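Observations on the model geometry
Spelled out, the chains give:
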Amino acid sequence: MVNERLQEDMAAMLSGLSHQMRGIAEVQKKRSLLTATVLAEEKRIEVTVNADGLLIDTKFADDILELTPDEIAAAITKAVQEAAAQVQKKARELMDPLLTHRDSLPKLSAMVEGAPDLAGLIPQPLETPTVPPDSPDWPGNKPDEPDDPGPASIVADRD
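Residues numbered from 1 in each chain as written. Predicted model: local features only at pLDDT ≥ 70, side-chain atom pairs only at ≥ 80, totals over all residues. Heavy atoms only, no water.

**Thoughts on a negative patch on the surface**
On the surface, Glu41, Glu42, Asp70 and Glu71 cluster together into a patch of negative charge. Mapped onto the elements, Asp70 comes out in helix α2 (residues 69-104). (Patch = residues over 30% accessible without salt bridge, like charges linked within 9 Å, V, L, I, M, F, W, Y side chains within 5 Å. Areas by Shrake-Rupley, 256 points an atom, 1.4 Å probe, with all protein chains shown as cover. Salt bridge = Lys/Arg side-chain N within 4 Å of Asp/Glu carboxyl O. Lys, Arg positive; Asp, Glu negative; His and termini not counted. Charge placed at Lys NZ, Arg CZ, Asp CG, Glu CD. Helix = DSSP H or I, 4+ residues; strand = E, 2+ residues; numbered from the N terminus.)

Following this line, the structure appears as structure tokens:
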């Protein structure tokens, strides 16, 4: 009885994994084509970023020279950051159905007593800075910030 249940759970997990892999490939394809465009300074500046948040197009209106170079630079920086945030949001929305499906699959820890919850072992990405490297807000630029040793190893017990 227990063996049959384990076989059913494994079959469901493998089927779910196959579905997940096909879904990931499709999402990656759609994600790679994402862009976001933002207008700034009363439509004098238009920036477009790709799926990775990289600036791929910049356009200026004829009256751009009414702005100072510092105003133009600040507006471009802010617009690119806003466009990058928009494209990240679109990418998360593409992933939502896959994440929902993944969460519905049986966990290894539920099938094998004592098995770790593998999802809990995946390191989460750190928030990337949106300020210049010489800014006091750049990570590590504050004298009172401790060095981050990174995540503890699950393989070696050196802690």
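The structure having been displayed, the exposition proceeds.
**Quick look at the pairing of strand β3 (residues 55-60)**
Along any regular strand the residues' side chains alternate between the sheet's two faces. When strand β2 (residues 45-50) meets β3, the two strands line up antiparallel, connected through five bridges. Across the sheet, residue Val47 finds its bridge partner in β3, namely Thr58. (Pairing = 2+ DSSP bridges.)

**Remarks on the environment of Glu71**
Mapped onto the fold, Glu71 is located in helix α2. Once the C-alpha coordinates of Glu71 and Glu41 are considered, the two residues, 30 residues apart in sequence, prove to be 8.8 Å apart. Engagement of the side chain of Glu71 in a polar contact is seen with the backbone nitrogen of Thr68, the distance being 2.8 Å. (Polar contact = N/O pair within 3.5 Å; in protein donor to acceptor, adjacent residues only side chain to side chain.)

**Some details on the pattern of salt bridges**
One pass over the full model with this rule turns up six salt bridges. The shortest N-O distance in the salt bridge between Arg31 and Asp52 comes to 2.7 Å. Of this pair, Arg31 sits in helix α1 (residues 2-32) while Asp52 sits in the loop between β2 and β3, placing them 21 residues apart in sequence. With a relative accessible area of 54%, Asp52 lands in the exposed category. Across the pair Asp137 and Lys142 runs a salt bridge, and its minimum N-O distance is 3.9 Å. (Buried < 20%, exposed > 50% of the residue type's maximum accessible area, 1.4 Å probe, protein only.)

**Overview of the sheet that holds strand β1 (residues 35-40)**
Ordered by their spatial adjacency, three strands build an open sheet running β1-β2-β3, and the pairing between neighbours is antiparallel. Across the chains shown, the open sheet's two edge strands, defined by having one partner strand only, are β1 and β3. Neighbouring strand axes in the sheet, compared pairwise and without regard to direction, differ in orientation by 15° on average. Where β1 meets β2, six bridges bridge the pair, whose relative direction is antiparallel. Note on β2: the bridge partner recorded for Ala36 is Val49. (Axes fitted to C-alpha atoms, helices over the stretch in contact; angles between N-to-C directions.)

**Points about the side chain of Ser135**
Among the structural elements, Ser135 can be located in the segment after α3 (108-111). Residue classification places Ser135 among the buried residues on the basis of a relative accessible area of 11%. Among the polar contacts listed, one links the side chain of Ser135 to the backbone nitrogen of Asp137, at a separation of 3.1 Å.

**A word on the environment of Asp62**
Positionally, Asp62 belongs in the loop between β3 and α2. In this structure Asp62 comes out as exposed when scored by relative accessible area, which is 82%. It is 7.6 Å that separates the C-alpha atoms of Asp62 and Arg44, two residues lying 18 residues apart in sequence.

**A closer look at the nonpolar core**
One broad rule of soluble globular proteins: the nonpolar side chains tend to lie buried together. Ranked by internal contacts, the top residues of the largest apolar core, which has 18 residues, are Ile45, Val47, Val49, Ile72 and Ile76. If you list the elements that add at least two residues to this core, you get β1, β2 and α2. The element best represented in this core is α2, accounting for eight residues. (Core = buried A, V, L, I, M, F, W, Y, C linked by side-chain atoms within 4.5 Å.)

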